[in-house]
Amino acid sequence: MEIDIYEFYKKIETKQDFEEFLRLLKEDYSTNQESWDNDNIELFLEGLYGYNYDTNEEENKVLPTWKMFAEMLLAAKVYE
């Protein structure tokens, strides 16, 4: 049974959850590359930068969590 990466992301709380998320993200790239708008490292990093640049000031005051790191990476696959 394939795990939905977006559903898994919602439940991330620990470093171990984040590590599992990274495994799922890699698997998602391998099996669903067509759903990735940013399907090479340059575009992915550009998406990561853009997503973080566009976050509001209130989010900048919050200490990052494993879930926030996962959110940034998940967004980077499609953020333009």
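Preceding block: the structure.
About the thresholds
- Residues numbered from 1 in each chain as written.
- Predicted model: local features only at pLDDT ≥ 70, side-chain atom pairs only at ≥ 80, totals over all residues.
- Heavy atoms only, no water.
- Helix = DSSP H or I, 4+ residues; strand = E, 2+ residues; numbered from the N terminus.
- Rg over C-alpha atoms; globule rule 2.2 N^0.38 Å.
- Buried < 20%, exposed > 50% of the residue type's maximum accessible area, 1.4 Å probe, protein only.
- Contact = heavy atoms within 4.5 Å.
- Areas by Shrake-Rupley, 256 points an atom, 1.4 Å probe, with all protein chains shown as cover.
- Lys, Arg positive; Asp, Glu negative; His and termini not counted.
- Charge placed at Lys NZ, Arg CZ, Asp CG, Glu CD.
- Axes fitted to C-alpha atoms, helices over the stretch in contact; angles between N-to-C directions.
- Parallel < 35°, antiparallel > 145°, perpendicular 65-115°, else oblique.
- Left-handed = near helix turned anticlockwise from the far one by under 90°.
- Nonpolar A, V, L, I, M, F, W, Y, C, P; charged D, E, K, R; others polar.
- Polar contact = N/O pair within 3.5 Å; in protein donor to acceptor, adjacent residues only side chain to side chain.

**What to know about the overall build of the protein**
A count of helical and extended segments in the protein gives five helices and zero strands. For 80 residues, the compact-globule formula gives about 12 Å, and the C-alpha radius of gyration of the protein, at 13 Å, lands near that figure. Considering only C-alpha atoms, the protein reaches an extent of 40 × 30 × 15 Å along its principal axes. When burial is assessed residue by residue, the protein has 29% of its 80 residues classed as buried. Contacts spanning at least 24 positions in sequence make up 64% of the contacts within the protein whose residues lie at least 6 apart. When the accessible surface of the protein is summed, it comes to about 5,900 Å², and 56% of that surface belongs to carbon and sulfur atoms. Averaging the coordinates of the 8 positive side-chain charges in the protein and doing the same for the 20 negative ones gives two points 7 Å apart.

**Thoughts on the packing of helix H3 (residues 41-53) against helix H5 (residues 66-76)**
Running from N to C, H3 and H5 cross one another at 125°; their axes reach a closest spacing of 8 Å. It follows from the interaxial angle that H3 and H5 lie oblique. You can see that H3 and H5 cross each other, and the crossing is right-handed. Contacts from Phe44, Gly47, Leu48, Tyr51 and Asn52 of H3 reach H5 at Glu71, Met72, Leu73, Ala75 and Ala76. Among the residues making up the contact of H3 with H5, the classes are represented as seven nonpolar, two polar and one charged.

**What about the side chain of Asp28?**
Mapped onto the fold, Asp28 is located in helix H2 (residues 15-31). Among the polar contacts made by the side chain of Asp28, one reaches the side chain of Trp36 at a distance of 2.8 Å. Setting aside residues up to four positions removed in sequence, Asp28 forms contacts with Ile5, Gln33, Ser35, Trp36 and Lys77.

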